[in-house]
Amino acid sequence: MVKPVAILNAVKSGLRHLFYSRVTRRYPEVESGLPETYYSFDPKKGVATAGWKGRHYLELDKCTGCQLCSFMCDEISNAIVMVEVPEVKFEQNKKSLFPSIDYGRCVFCGLCVDSCPFEALHMTPEIRLADYDRNKLYYSPLELSIPPPVGKPSYLVGKKKEVKA
């Protein structure tokens with residue numbers, strides 16, 4: 001049997017919260033208000049920089065095709081597949097192997113970013129990736145190399161702009 005005191009306490013709590021302002025933001029009508037920085041990992045310092053875990057950004061000129069990001073992802077979601085992109089040639093990546101990501105499988109854990117020893121892979125604040133077509137959730141290396149319109153790379157946050165004389 002429910003005690004009358006418990007019912008009165010519940011009603012009292014409900015009435016008290018009627019006069020508080022809402023804490024939850026109504027996304028997407030209201031933006032988060034959080035700083036939009038990339039999530040990345042500095043392997044030299046062994047420290048991750050705080051930021052959003054959204055769409056990945058790949059710096060093709062830094063990627064060596066070592067496949068560590070793919071190995072890290074294999075046991076979790078198997079979202080990263082290394083593909084050969086013959087039209088992109090860089091000296092450090094002789095086989096032209098680059099990661100492609102299937103966001104239908106990605107769990108946005110960030111282990112792929114943490115495992116990259118060359119800081120070639122970052123996660124951006126672009127979180128609006130939902131689509132009705134599953135094929136549009138697959139991003140090729142060339143699509144990943146396009147910087148998103150939102151956010152600022154973590155390695156640029158807090159650094160002063162160079163003054164050109």
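Residues numbered from 1 in each chain as written. Predicted model: local features only at pLDDT ≥ 70, side-chain atom pairs only at ≥ 80, totals over all residues. Heavy atoms only, no water.

Participant: Can you help me understand a nonpolar patch on the surface in this one?
Facilitator: Judged by side-chain polarity, V2, I7, V11, L15, L18 and F19 come together as a nonpolar surface patch covering roughly 650 Å² of accessible area. Inspection of the secondary structure assignment puts V11 in helix α1 (residues 4–17). (Patch = residues over 30% accessible without salt bridge, like charges linked within 9 Å, V, L, I, M, F, W, Y side chains within 5 Å. Areas by Shrake-Rupley, 256 points an atom, 1.4 Å probe, with all protein chains shown as cover. Salt bridge = Lys/Arg side-chain N within 4 Å of Asp/Glu carboxyl O. Helix = DSSP H or I, 4+ residues; strand = E, 2+ residues; numbered from the N terminus.)

Participant: For this particular structure, what's the right way to read the nonpolar core?
Facilitator: Inside soluble globular proteins, nonpolar side chains tend to come together where they are buried. Judged by nonpolar contacts, the single largest core of 27 residues is most densely connected at L58, F98, Y103 and V113. Residue assignment for this core shows that the elements contributing at least two residues are α2 (68–74), β4 (80–84), β5 (97–102), α3 (111–115) and β6 (121–123). It is β5 that provides the largest number of residues to this core, a total of three residues. Dropping the residues within four chain positions of it, Y103 is found in contact with R55, H56, F108, L129, L137, Y139 and L144. (Core = buried A, V, L, I, M, F, W, Y, C linked by side-chain atoms within 4.5 Å. Buried < 20%, exposed > 50% of the residue type's maximum accessible area, 1.4 Å probe, protein only. Contact = heavy atoms within 4.5 Å.)

Participant: Even after reading the chapter, I still don't get the state of the cysteines, so can you show me in this structure?
Facilitator: In a disulfide, the sulfur atoms of two cysteines are covalently bonded to one another. A full pass over the atoms with the stated rule returns zero disulfides. Of all cysteine sulfurs, the one in C69 lies closest to C63, which takes part in no disulfide; the gap is 6.5 Å. For C63, a relative accessible area of 9% corresponds to the buried category. (Disulfide = S-S within 2.5 Å.)

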